[in-house]
Amino acid sequence: MIFSKTGDRKASGAKIPATVITGFLGAGKTTMIRNILENADGRRIALIINEFGDLGVDGDVLKGCGAEACSEDDIIELTNGCICCTVADDFIPTMTRLLEREGRPDHIVIETSGLALPQPLIAAFNWPDIRTQVTVDGVITVVDSAAVAAGRFADDHDKVDAARAEDDNLDHESPIEELFEDQLTAADLIVLNKTDLLDAAGIEAVRREVAARTTRKPMMIEAANGAVPASVLLGLGVGTEDDIANRKSHHEMEHEAGEEHDHDEFASFVVELGPIADSTGFVSRLKAIVSAHDVLRLKGFADVPGKPMRLLIQAVGTRIDPYFDRAWAAGEARRTRLVVIGLHDLDEAALRAAIVAAAA
Ligand SMILES: Nc1nc2c(ncn2[C@@H]2O[C@H](COP(=O)(O)OP(=O)(O)OP(=O)(O)O)[C@@H](O)[C@H]2O)c(=O)[nH]1
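Residues numbered from 1 in each chain as written. Predicted model: local features only at pLDDT ≥ 70, side-chain atom pairs only at ≥ 80, totals over all residues. Heavy atoms only, no water.

- With an unreviewed UniProt entry as reference, the chain is termed Cobalamin biosynthesis protein CobW, source organism Rhizobium quercicola.

So this is what it looks like as structure tokens:
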């Protein structure tokens, strides 16, 4: 965070605007935030990142981006990715500490994990100590348009029925579909991202499907690589915390109907490997593995011997995108670590073995 030295907002009593950026795993939230930080127009931005999985890749990518607004110490990471369960434990104390600091930011940006329900987070802005000092400027939901076009959020009824037959505890129709809709329902602005991967007719079909998935009518804009001017994303001025009653999630509606909510629908684990000599072969073998095992998201960094830069590996569904993102720092341990995220029945042992074999 880059903080004001004067703390003049506090003195004037103006509330600090906070933008919540949500969207399913791999939609492009971090990419869009990076774009905001690089085009912050002199705003002092504090960034809170909530990530699923123990690796902190998003924070690391943003710390490594070199923009003035992303200095190492200026990004707060909340490591438990289910913000819906930890608002009281993690988020509220973090916000309180941020607001107690001497210098205060002009704007707060919060990236939820791809598996988080935004509703409890928005409701937390009504907590007395927070409500008097911060307002939700707007909720921005980033959509992976290519994934929508590929039917990734369409309910696969056969699969859901089979899973429910095997596991009585499954109380939801389809966790992915529900989350996708809950994130859309929370939105003040929907960014249809990854339009570079579709043609005009495909984008139009995505727009129609997304509109049909929420009863609200938030603004919708298109983007590639999250390239939307910060002036469009920041300053929506909605005050979303006053409108939570109109944005209820499936979970909230189930709770009201007296049903229980299961937090164990998704799972993640970290794989640590040695140096990867043949990075091209490794990435192509990983691609086959994520397809065969229905992995939702895989990301992390690899140590490629002889390369001064670390290799960032990102897989979203079956798309895999490796690139060297920054040089290893002096004294930094060169490590290969990947976080793997999937549904709760992810076969961790088989996946681990396959990834270790792919690296050999
Ligand atoms: N082709 C294409 N790729 C994109 C676009 N936006 C993001 N990506 C890629 O998609 C992958 C995931 O992007 P992230 O920004 O990390 O997505 P995220 O929503 O922060 O991911 P999680 O935090 O894991 O949920 C990366 O490989 C990005 O380079 C886009 O508009 N087009």
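Back to the write-up after that little detour.
**Quick look at the sheet that holds strand 5 (residues 134-144)**
Two orientations exist for strands paired in a sheet by backbone hydrogen bonds: parallel and antiparallel.
Then step 1. Spatially, the seven strands line up as an open sheet ordered 3-2-4-1-5-6-7, and their pairing is parallel. Of all strands in the sheet, those bounded by a partner on one side alone are strand 3 (75-78) and strand 7 (219-222). Each strand of the sheet is rotated relative to its neighbour by a mean of 20°, with strand direction disregarded.
Then step 2. Relative to strand 4 (residues 107-111), strand 1 (residues 16-22) is paired through four bridges, and the arrangement is parallel. Among the inter-strand pairings, Thr 19 is bridged to a residue of strand 4, identified as Val 109.
Then step 3. Contacting strand 1, strand 5 and strand 6 (189-193), helix 9 (residues 175-185) crosses the sheet at an angle of about 135° to strand 5. (Pairing = 2+ DSSP bridges. Helix = DSSP H or I, 4+ residues; strand = E, 2+ residues; numbered from the N terminus. Axes fitted to C-alpha atoms, helices over the stretch in contact; angles between N-to-C directions. Contact = heavy atoms within 4.5 Å.)

**Overview of the UniProt feature "domain: CobW C-terminal" (unreviewed entry) in the chain**
Then step 1. Mapped onto the present numbering, the UniProt feature "domain: CobW C-terminal" (unreviewed entry) falls on residues 266-359.
Then step 2. The span residues 266-359 is 28% helical and 41% strand by assignment, and the distance between its end C-alpha atoms comes to 25 Å. (UniProt positions renumbered as here; feature names shortened; annotations may be inferred.)

**Some remarks on the site of the ligand**
Then step 1. Neighbouring the ligand are 21 residues; Thr 30, Thr 31, Asn 225, Arg 297 and Lys 299 lie closest to it.
Then step 2. Between the ligand and Glu 111, the relevant distance is 3.3 Å, taken from an oxygen atom to a side-chain nitrogen or oxygen of the residue.
Then step 3. Between Arg 297 and the ligand, the recorded distance is 2.7 Å, taken from a side-chain N or O atom to an oxygen atom.
Then step 4. With the chains in place, 93% of the 660 Å² that the ligand exposes on its own is no longer accessible.
Then step 5. Listing elements by their share of the shell around the ligand, those giving two or more residues are helix 2 (29-38), strand 9 (297-302) and strand 10 (309-316).
Then step 6. Among the elements that make up the shell around the ligand, the one with the highest residue count is helix 2 (three residues).
Then step 7. No fewer than three residues from each of domain 1 (8-256) and domain 2 (266-359) sit in the shell around the ligand. (Near = heavy atom within 4 Å. Polar contact = N/O pair within 3.5 Å; in protein donor to acceptor, adjacent residues only side chain to side chain. Areas by Shrake-Rupley, 256 points an atom, 1.4 Å probe, with all protein chains shown as cover. Domains from an automatic or database assignment.)

**Focus: the pattern of salt bridges**
Then step 1. Under the defined criterion, the tally for this structure stands at 18 salt bridges.
Then step 2. Here Glu 222 ties to Arg 207 by a salt bridge, and the two come within 3.0 Å at their closest N and O atoms. You can see Glu 222 sitting in strand 7 and its partner Arg 207 sitting in helix 10 (residues 200-212), a full 15 residues away along the chain.
Then step 3. Here the salt bridges do not stand alone but share partners, grouping Glu 177, Glu 181, Glu 209 and Arg 213 into one network. (Salt bridge = Lys/Arg side-chain N within 4 Å of Asp/Glu carboxyl O.)

**Let's talk about the nonpolar core**
Note that soluble globular proteins tend to have their nonpolar side chains buried in a common cluster.
Then step 1. By size, the foremost hydrophobic cluster in this structure holds 28 residues, and its most contacted members are Phe 24, Leu 115, Val 143, Ile 190 and Val 210.
Then step 2. If you list the elements that add at least two residues to this core, you get helix 3 (57-63), helix 7 (145-149), helix 9, strand 6, helix 10, strand 8 (266-273) and strand 12 (336-343).
Then step 3. Both of domain 1 (8-256) and domain 2 (266-359) provide at least three residues apiece to this core.
Then step 4. Filtering out sequence-adjacent residues up to four positions away, Val 210 remains in contact with Val 143, Phe 180, Leu 184, Ile 190, Leu 192 and Met 220. (Core = buried A, V, L, I, M, F, W, Y, C linked by side-chain atoms within 4.5 Å. Buried < 20%, exposed > 50% of the residue type's maximum accessible area, 1.4 Å probe, protein only.)

**Remarks on unusual backbone geometry**
Then step 1. Phi angles above zero are rare outside glycine, and Asp 41 is one such case at about 50°.
Then step 2. One can find Asp 41 in the loop between helix 2 and strand 2 (45-50).
Then step 3. Of note in the backbone geometry, Lys 194 takes a positive phi value of approximately 60° without being a glycine.
Then step 4. Position of Lys 194 among the secondary structure elements: in the loop between strand 6 and helix 10.

**Some remarks on helix 9**
Then step 1. Across the eleven residues of helix 9, eleven count as buried, placing the element largely inside the fold.
Then step 2. Burial in helix 9 covers these residues: Pro 175, Ile 176, Glu 177, Glu 178, Leu 179, Phe 180, Glu 181, Asp 182, Gln 183, Leu 184 and Thr 185.

**Quick word on the sheet that holds strand 9**
Then step 1. Taken together, five strands build an open sheet; the order of strands is 8-12-9-10-11 and the sheet is antiparallel. The open sheet is flanked by strand 8 and strand 11 (319-327), the only strands paired with a single partner. Along the sheet, successive strands turn relative to each other by an average axial angle of 15°, direction set aside.
Then step 2. Direction of pairing for strand 9 relative to strand 10: antiparallel, over a ladder of six bridges. Of the residues in strand 10, the one forming a bridge with Lys 299 is Gln 314.
Then step 3. Sheet strands in contact with helix 13 (residues 279-292) are strand 8, strand 9, strand 10, strand 11 and strand 12, and its direction is about 140° off that of strand 11.

**Topic: the pairing of strand 7**
Then step 1. Sheet topology note: the strand 6/strand 7 ladder contains four bridges and is parallel. Residue pairing for strand 7: Leu 192 is matched across the bridge by Glu 222.
Then step 2. With helix 10 bridging strand 6 and its parallel neighbour strand 7, the resulting β-α-β unit is right-handed. (Right-handed = clockwise from strand over helix to strand, strands pointing away.)

**Regarding the domain arrangement of the chain**
Then step 1. Split into domains, the chain comes out as domain 1 (8-256) and domain 2 (266-359).
Then step 2. The interface is formed by 24 residues belonging to domain 1 together with 22 residues belonging to domain 2.
Then step 3. When domain 1 packs against domain 2, the two sides together hide about 1,900 Å² of surface, and 70% of this comes from carbon and sulfur.
Then step 4. For the side of domain 1 that touches domain 2, the secondary structure elements donating two or more residues are helix 3 and helix 9.
Then step 5. Classifying every residue of the side of domain 1 that touches domain 2 gives twelve nonpolar, three polar and nine charged. (Buried area = accessible area lost by both parts, 1.4 Å probe. Nonpolar A, V, L, I, M, F, W, Y, C, P; charged D, E, K, R; others polar.)

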